[in-house]
Amino acid sequence: MPDEASTPLIWTIRGNLPVADLLYETHWVDDGAQLRLIETYRDGHEIVRQSVHVYIKPPAPAQS
Amino acid sequence: MANTQAICTSFKAELMGGFHNFSDANPARSAATRDTVMAALYLASATIDATTTAYSATGEVSGTNYTAGGTAVTMAVNPATSGTTAFWTPSASISWTSVTLSTSFDAVLLYNSTNADRAIAVYTFGAQTVTAGNFSLTMPANDASNALLRIA
């Protein structure tokens, strides 16, 4: 059984929590202009950590 | 109120006036250094668009580990041309780490902090919040068809 020092923790709004105790979900959103990856960690129903990564698709250029 | 993606109109005129320097090889400048470009995030309730002329704290996000004014953009490449298009893209993703931004935001403003915080462009993305996490903006490829900033 791993001891406390080796338990993987992750930073959340409630401080460091054991990542194994949390539900990890990913959600992709493609709405045309950009592609987003949303990573969510939940403790029960509470979102304790959420990261968002946006890929900016090529925008329209300024036309002469 | 809403944010709208656009190259700021004032930026287009300022280019012709030499107000912005994205290049480290500009003979018109006394120092071979690029201007500093910053990226600031804005609430979904803000109004930044083509008419935005300069950075303003009005409507900017706030929260844990977010510094007002945003973060500096990595600028390691000079603007280039291909065909009839001039283009430029930040040379790294723009990111904020371990931030909590609880109020929905959906736009980033690039502005020139070396020159009176003059606005460059607004880019929008889906409204979201971040909780004790990371927010990153990954750039498109830096070429004439895909670059973040293109003048055709």
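Basis of the calculations
- Residues numbered from 1 in each chain as written.
- Chains lettered and ligands numbered in written order.
- Predicted model: local features only at pLDDT ≥ 70, side-chain atom pairs only at ≥ 80, totals over all residues.
- Heavy atoms only, no water.
- Helix = DSSP H or I, 4+ residues; strand = E, 2+ residues; numbered from the N terminus.
- Rg over C-alpha atoms; globule rule 2.2 N^0.38 Å.
- Buried < 20%, exposed > 50% of the residue type's maximum accessible area, 1.4 Å probe, protein only.
- Contact = heavy atoms within 4.5 Å.
- Arc of directions from axis to C-beta.
- Pairing = 2+ DSSP bridges.
- Axes fitted to C-alpha atoms, helices over the stretch in contact; angles between N-to-C directions.
- Lys, Arg positive; Asp, Glu negative; His and termini not counted.
- Salt bridge = Lys/Arg side-chain N within 4 Å of Asp/Glu carboxyl O.
- Polar contact = N/O pair within 3.5 Å; in protein donor to acceptor, adjacent residues only side chain to side chain.
- Core = buried A, V, L, I, M, F, W, Y, C linked by side-chain atoms within 4.5 Å.
- Buried area = accessible area lost by both parts, 1.4 Å probe.
- Nonpolar A, V, L, I, M, F, W, Y, C, P; charged D, E, K, R; others polar.
- Phe/Tyr/Trp six-rings, centres within 6.5 Å; stacked < 30°, edge-to-face > 60°.

A short note on the overall build of chain B
When you go through chain B residue by residue, the secondary structure sums to one helix and eight strands. Helices (α) and strands (β) of chain B occur, in sequence order from the N terminus, as β-α-β-β-β-β-β-β-β. Here the C-alpha atoms of chain B give a radius of gyration of 15 Å, agreeing with the 15 Å that 2.2 N^0.38 yields for 152 residues. Projecting the C-alpha coordinates of chain B onto the three principal axes gives extents of approximately 45 × 30 × 25 Å. Sorting the 152 residues of chain B into buried and exposed places 49% on the buried side. Contacts spanning at least 24 positions in sequence make up 70% of the contacts within chain B whose residues lie at least 6 apart.

So, helix α1 (residues 9-16) of chain B
Residues and elements named next belong to chain B. Buried within α1 we find Ser 10, Phe 11 and Glu 14. Buried residues of α1, seen end-on, are gathered within an arc of 100° and therefore sit on one face of the element. Where α1 is buried, its residues meet β1 (6-7), β7 (118-138) and β8 (149-151). Residue Gly 18 follows α1 closely and has a positive phi angle near 70°.

Describing the sheet that holds strand β5 (residues 85-88) of chain B
Residue and element names in this part refer to chain B. Taken together, three strands build an open sheet; the order of strands is β4-β5-β8 and the sheet is antiparallel. The outermost strands of the open sheet, each flanked by one partner alone, are β4 (80-82) and β8. Between one strand axis and the next, the sheet turns through 25° on average, direction left out of account. Of the pairings in the sheet, the one linking β5 to β8 comprises three bridges and is antiparallel in character.

Here we look at the side chain of B:Asp106
Within the secondary structure, B:Asp106 is located in strand β6 (residues 94-112). For B:Asp106, which is buried and forms no salt bridge, the nearest opposite charge comes from A:Arg36, at a distance of 9.4 Å. A polar contact of 2.6 Å, which involves the side chain of B:Asp106, links it to the side chain of B:Asn3. Other than its neighbours up to four places away in sequence, B:Asp106 contacts B:Asn3, B:Tyr42, B:Leu43, B:Ala44, B:Tyr123, B:Thr124, B:Phe125, B:Gly126 and B:Ala127.

Here we look at the nonpolar core
Ranked by size, the top nonpolar core spans 47 residues in total, and within it B:Leu41, B:Trp96, B:Leu109, B:Leu110, B:Phe135, B:Leu137 and B:Leu149 carry the most contacts. Breaking this core down by element, the ones donating at least two residues are β5 (46-56) of chain A together with β2 (37-43), β6 and β7 of chain B. Examining the composition of this core, we find that ten residues originate from one element, β6(B), more than from any other. Apart from the residues within four sequence positions on either side, B:Trp96 is in contact with B:Ala39, B:Leu41, B:Tyr66, B:Gly70, B:Thr71, B:Gly133, B:Asn134, B:Phe135 and B:Leu137. Counting residues in each nonpolar core, the second largest holds five residues, with A:Ile10, A:Leu17, A:Leu22 and A:Val48 among its members.

A few points about the interface of chain B and chain A
Taken together, the 29 residues of chain B in the interface contact 23 residues of chain A. The junction of chain B with chain A conceals about 2100 Å² of combined surface from both sides, 54% of it contributed by carbon and sulfur atoms. On inspection of chain B and its partner chain A, the count reaches zero salt bridges. For the interface between chain B and chain A, the tally reads twelve residue pairs in polar contact (both at pLDDT 80 or more). Those elements that provide at least two residues to the side of chain B that touches chain A are β7 and β8 of chain B. The dominant element in the side of chain B that touches chain A, judged by the number of residues it contributes, is β7(B), at 16 residues. Of the residues belonging to the side of chain B that touches chain A, the class tally is 14 nonpolar, 13 polar and two charged.

Points about the packing of aromatic side chains
Residue and element names in this part refer to chain B. Applying the stated rule across the entire model yields nine aromatic pairs over all chains. Consider the rings of Phe 105 and Phe 125, whose centres lie 6.1 Å apart with planes at 80°: the pair is edge-to-face. One end of the pair, Phe 105, is in strand β6; the other, Phe 125, is in strand β7, with 20 residues separating them in the sequence. Take Phe 105: its relative accessible area is 0%, and that puts it in the buried class. An aromatic cluster of at least three residues, connected via ring pairs, comprises Tyr 66, Trp 96, Phe 105, Phe 125 and Phe 135.

Topic: unusual backbone geometry
Backbone geometry at B:Ser98 places phi at a positive 50°, although glycine is not the residue there. Assessed through its relative accessible area of 28%, B:Ser98 is described here as partly exposed.

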